[in-house]
Amino acid sequence: MNNGEVTIKITDVIGGKLCIASDDGDKVYQEIARALKAGKKIKLSFEGVNDLTSAFLNAAVGQLYKGEIPLEQISESIKPVGASSDDLHLLKRVVDRAKEFFKDPERFKTAARKVLGGDDA
Amino acid sequence: MIYLGQTIKSSFHGFSELIRVSEEISSCNDEKCEMNFSKVDWFDANMCAPFGAILYKFYVKGWPITVYGQRPEIASILQRNRFLPNFGFDIPIKPDYYGTTIEYKRFERTDSASFIEYITEQSAGKKIPKMTEALKKRFRASISELFENAVAHSQTTLGIFACGQYYPKGNRLDFSVADRGMGIRRAVNRFTGQRMNAVEAIEWATTGDNTTRERKGGKPGGLGLKLIKEFIDLNKGRVHIVSDSGYWCYEEGQTKTRRFKMPFPGTVVNIEINTADTSSYRLASELNPDSIF
């Protein structure tokens, strides 16, 4: 095994197949962030994952984009393996959204102005 | 004596009834409060989630609420899903012989693990019959998104309430998640600095990429409800959101909104799925794993 590469198996990290809770996603995030900070390449294994939510993925990978780790390093270092087509599509949406979310924070607030204002209920 | 109306369905009228009951219980103060079910001839069992959210506040205060006059068929529904027994009313649990009940349960906001156990248990065996595996998976993911949404946004201290019911005759499965948190209007207005009414706030929260998640050191959000809407579109189901005085219903790509006279004390999301749906839910395009991050 290459010393510069690590496999993070999601089901091992959270101790189950249901990848639902944001708190469990945090555990995966900690593992990924630790490996990235150590300069390692990561195979992020989805093997055995049963259910998967955006809430879990937002925590597990979405918060990688909050600015502590260079985007290029994330892009070059993590490769998902063993993911179903559905899971891969969800992962892609979460990652794309996270990039937007942290790139342009004001965009989300100003979107409110598109909705007509009114009196409080 | 507080009388419940004739029908409590997952509808504007059904939620209005529960809000009225909530207001009337509040006006009991801590005096003995009797809820009379004698007029009720239909109760959508999933509505036990918002009903539980209403009653729980009074329950933890130790207010003496009693139930009275329920017809056998209504009592049976509320015993099979454990709503009445769980509330400490002296009424026994009945077994769910038909396999149509998704048990009423309250969860602490910090206890996602119990919710996961609940989903696993309630999805097993005959609990959710006559659905394809692909549909079951989408359904489980959707209710999990609902729960995590409530965890992330409600800031409730009274817990999160869940309940579901399968209606074989109509090929539908309803599942509701309710909380007694700050509500969508307050969360959205606080975040945006706007002054939206409750319906406008729900519309904002369900549109595009909007989310009230703070960026600073936080996690991204705002995909959960969008994913549910997409699923419901494909499934030809329905979503209700009730929060504060806002009512929002999404069905067949159309949104209907209304305002309640009085507010619901929190938020309810109800999803109704078409259980006869045989879609594979397989996505046509394949993605290259090397281009995800």
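In case you missed it, the structure is sitting above this.
What comes next is a walk through the structure.

How each quantity is defined
Residues numbered from 1 in each chain as written. Chains lettered and ligands numbered in written order. Predicted model: local features only at pLDDT ≥ 70, side-chain atom pairs only at ≥ 80, totals over all residues. Heavy atoms only, no water. Helix = DSSP H or I, 4+ residues; strand = E, 2+ residues; numbered from the N terminus. Buried < 20%, exposed > 50% of the residue type's maximum accessible area, 1.4 Å probe, protein only. Contact = heavy atoms within 4.5 Å. Areas by Shrake-Rupley, 256 points an atom, 1.4 Å probe, with all protein chains shown as cover. Patch = residues over 30% accessible without salt bridge, like charges linked within 9 Å, V, L, I, M, F, W, Y side chains within 5 Å. Salt bridge = Lys/Arg side-chain N within 4 Å of Asp/Glu carboxyl O. Phe/Tyr/Trp six-rings, centres within 6.5 Å; stacked < 30°, edge-to-face > 60°. Lys NZ or Arg CZ within 6 Å of the ring centre and 35° of its normal. Pairing = 2+ DSSP bridges.

**Quick look at the overall build of chain A**
Assigned secondary structure in chain A consists of six helices and three strands. Taken from the N to the C terminus, the helices and strands of chain A come in the order β-α-α-β-α-α-β-α-α. Evaluated residue by residue, chain A yields a buried proportion of 47% over its 121 residues. Long-range contacts, defined here as pairs at least 24 residues apart, represent 81% of the contacts in chain A between residues at least 6 apart. Per element, the accessible surface of chain A, about 5,600 Å² overall, is 46% carbon and sulfur.

**Observations regarding a nonpolar patch on the surface**
Residue and element names in this part refer to chain B. There is a patch of nonpolar side chains on the surface, built from M1, Y3 and Y68 and spanning about 330 Å² of accessible area. Take Y3: it is sitting in strand β1 (residues 2-3). Exposure remark for Y3: the relative accessible area of 35% places this residue in the partly exposed category.

**As for the environment of G16 of chain A**
All names here are of chain A. Mapped onto the secondary structure, G16 falls in the loop between α1 (10-14) and α2 (22-37). In this structure G16 comes out as partly exposed when scored by relative accessible area, which is 24%. For the pair formed by G16 and G48, sequence separation is 32 residues and the distance between their alpha carbons is 8.7 Å.

**With respect to helix α7 (residues 183-192) of chain B**
Residues and elements named next belong to chain B. Among the 10 residues in α7, eight count as buried, and that is most of the element. All of the buried residues along α7 are G183, I184, R185, A187, V188, N189, F191 and T192. Looking one or two places after α7, you find G193, whose phi comes out positive at around 75°.

**Examining the packing of aromatic side chains**
Residue and element names in this part refer to chain B. Applying the stated criterion to the full structure yields 21 aromatic pairs over all chains. A ring pair is formed by F58 and W63, whose centres lie 5.0 Å apart and whose planes are at 35°; its orientation type is tilted. No difference in accessibility class separates F58 from W63, as the two residues are buried. Its end group placed over the ring of F12, R258 keeps NZ or CZ at 3.8 Å from the ring centre.

**Observations concerning the sheet that holds strand β5 (residues 65-68) of chain B**
Residue and element names in this part refer to chain B. Strand order in the open sheet made by the three strands is β1-β3-β5, with parallel pairing throughout. The open sheet is flanked by β1 and β5, the only strands paired with a single partner. For β1 and strand β3 (residues 33-36), the ladder comprises two bridges, and the chain directions are parallel. Within β3, the position partnered with I2 by the bridge is M35.

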